[in-house]
Amino acid sequence: DGGITQSPKYLFRKEGQNVTLSCEQNLNHDAMYWYRQDPGQGLRLIYYSQIVNDFQKGDIAEGYSVSREKKESFPLTVTSAQKNPTAFYLCASIYHIPRGSSNQPQHFGDGTRLSIL
Amino acid sequence: AQTVTQSQPEMSVQEAETVTLSCTYDTSENNYYLFWYKQPPSRQMILVIRQEAYKQQNATENRFSVNFQKAAKSFSLKISDSQLGDTAMYFCAFMIRPYSGAGSYQLTFGKGTKLSVIP
């Protein structure tokens, strides 16, 4: 079945450490997104990428970095500069709607919960 | 910039009853999409219903329907015959409709409404 796979499900970070969250999709979607979810905050956009080798900052990009070397993959690195990384992270992908026929414009992965040790 | 406001942080409803979740948004755009997503305790994001702003007819999906008031920038979700499985966080979201394939397709979310269905 096609879908989005996020790994790991749970991740712990030590102070001063960079950690990388994986997001892989086999839906042949064009664009991919990273969201952060905190209690009472809803989902906030960290970074997004519409095509390979290109990505844009979202609303809360500070302390994060991404890459898009392959269409299928969009890993997120939480750097030591992110002082409050404890949150639930969701990856999503989408067809470009004008040529997409799906009624589900953004597919989401199952998320990664990141905590501080 | 677009904003989405959900004014009800928590709601509850008796099983088999009807409940309405509120959502208002602010935008200067004329062509856009609106969505309701459901996030059960499993944390999976599930699309419930979608509305295109250029369509006057309110979207319906089984027990879920919306009341879309474009002039008032209001997009409420009605759940009929509530079931225990409807217990979840519900997020209202907005997306600008891209022109000719250009655009970021990014979603702007409200902060969510936690719905509890009581047996």
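Everything below is about the structure shown above.
By convention here, each chain's residues receive numbers from 1 onward along its written sequence. Chain A is the first chain written and ligand 1 is the first ligand written, with later ones labelled in order. With the structure being a predicted model, the display of local features is reserved for residues of pLDDT at least 70 and the display and counting of side-chain atom pairs for 80 or more, all residues being used for whole-chain, interface and lining totals. By convention in this description, side-chain values take in all heavy atoms of the structure and omit both hydrogens and water.

Q: I tried to follow the sheet that holds strand 1 (residues 4-7) of chain A on my own but got confused; where do I start?
A: Think of a sheet as strands paired side by side through backbone hydrogen bonds, with each pair either parallel or antiparallel. All names here are of chain A. Here, a strand pair is defined by DSSP locating no fewer than two bridges between the strands. Secondary structure elements are defined from DSSP: runs of H or I of at least 4 residues count as helices, runs of E of at least 2 residues count as strands, and each element is numbered from the N terminus. Spatial strand order, 1-3-8-7: four strands in an open sheet with antiparallel pairing. Of all strands in the sheet, those with a lone pairing partner are strand 1 and strand 7 (64-66), marking the two edges. Shown here is a sheet whose adjacent strand axes are inclined to one another by a mean of 20°, direction ignored. Judged from the four bridges that link them, strand 1 and strand 3 (residues 19-25) form a sheet pairing that is antiparallel. Bridging from a neighbouring strand, Thr 5 pairs with Glu 24 of strand 3. Geometry is summarised by axes, namely lines fitted to C-alpha atoms with helices restricted to the contacting stretch, and by angles between N-to-C directions that run from 0 to 180 degrees.

Q: Got a minute to help me understand the state of the cysteines in this structure?
A: What makes a disulfide is a covalent bond joining the sulfur atoms belonging to two cysteines. Residue and element names in this part refer to chain A. Disulfides are defined as cysteine sulfur pairs within 2.5 Å. Within this structure, the stated rule accounts for two disulfides over all chains. Between the sulfur atoms of Cys 23 and its disulfide partner Cys 91 the distance amounts to 1.9 Å. Looking along the S-S bond of the Cys 23-Cys 91 disulfide, the torsion reads about -75°, which is the left-handed sense. Here Cys 91 lies in strand 9 (residues 87-94) and Cys 23 lies in strand 3, a separation of 68 residues in the sequence. Assigned by exposure class, Cys 23 and Cys 91 land together as buried. Burial classes follow relative accessibility: with a 1.4 Å probe on protein chains only, a residue under 20% of its type's maximum area counts as buried, one over 50% as exposed, and anything between as partly exposed.

Q: Quick question: what am I supposed to make of the nonpolar core here?
A: Soluble globular proteins tend to pack their nonpolar side chains together in the buried interior. Core analysis: the largest hydrophobic core is formed by 25 residues, its most contacted members being Tyr25(B), Trp36(B), Phe75(B), Leu77(B) and Tyr90(B). Those elements that provide at least two residues to this core are strand 3 (19-21), strand 5 (32-39), strand 6 (46-52), strand 8 (64-69), strand 9 (74-79), strand 10 (88-96) and strand 12 (113-118) of chain B. When residues of this core are assigned to their parent elements, the largest contribution, four residues, is made by strand 10 of chain B. Leu77(B) has contacts with Val19(B), Thr20(B), Leu21(B), Trp36(B), Val48(B), Ile49(B), Phe64(B), Ser65(B), Val66(B) and Tyr90(B), leaving out every residue within four places of it along the chain. Of all hydrophobic cores here, the second largest spans 22 residues; its members include Ala31(A), Leu47(B), Ala93(B) and Phe109(B). Definition of nonpolar core: a set of buried residues of the types Ala, Val, Leu, Ile, Met, Phe, Trp, Tyr and Cys, connected through side-chain atoms within 4.5 Å. The contact definition used throughout considers only heavy atoms, calling two residues in contact when any of these lie within 4.5 Å.

Q: Sorry if this is basic, but what is going on with the pairing of strand 6 of chain B here?
A: Regular strands place side chains that alternate from one sheet face to the opposite one. Residue and element names in this part refer to chain B. With six of its seven residues buried, strand 6 lies for the most part within the structure. Two elements, strand 5 and strand 6, share six bridges in a ladder whose sense is antiparallel. Within the sheet, the bridge partner assigned to Lys 38 lies in strand 6 and is Ile 46. If you look at the hairpin formed by strand 5 and strand 6, you'll find six residues sitting between the two strands, and Arg 43 has a positive phi there, around 75°.

Q: Mind showing me how you'd approach the pairing of strand 2 (residues 10-13) of chain A here?
A: Residues and elements named next belong to chain A. Only one face of strand 2 is covered, namely the one carrying Leu 11 and Arg 13; the face carrying Tyr 10 and Phe 12 has none of its residues buried. Bridge count for strand 2 against strand 11 (residues 112-116) is four bridges, and the pairing is parallel. Along strand 11, the bridge assignment pairs Tyr 10 with Arg 113.

Q: Would you take a moment to explain the environment of Ala61(A) for this structure?
A: Turning to its location among the elements, Ala61(A) is positioned in the loop between strand 6 (54-57) and strand 7. Leaving out residues up to four positions away in the same chain, Ala61(A) has contacts with Ile46(A) and Tyr47(A).

Q: Explain the pattern of salt bridges to me, please; I cannot follow it from the model alone.
A: Once the charged atoms of two side chains with opposite charge are near each other, the side chains can pair. Any carboxyl oxygen of Asp or Glu within 4 Å of a side-chain nitrogen of Lys or Arg constitutes a salt bridge here. In total, this model carries seven salt bridges over all chains according to the counting rule given. The residue Asp38(A) makes a salt bridge to Arg36(A) at a minimum N-O spacing of 2.8 Å. Of the residues examined, Asp38(A) reaches a relative accessible area of 13% and is grouped as buried. As a salt-bridge pair, Lys55(B) and Glu52(B) come within 3.2 Å of each other at their nearest N and O atoms.

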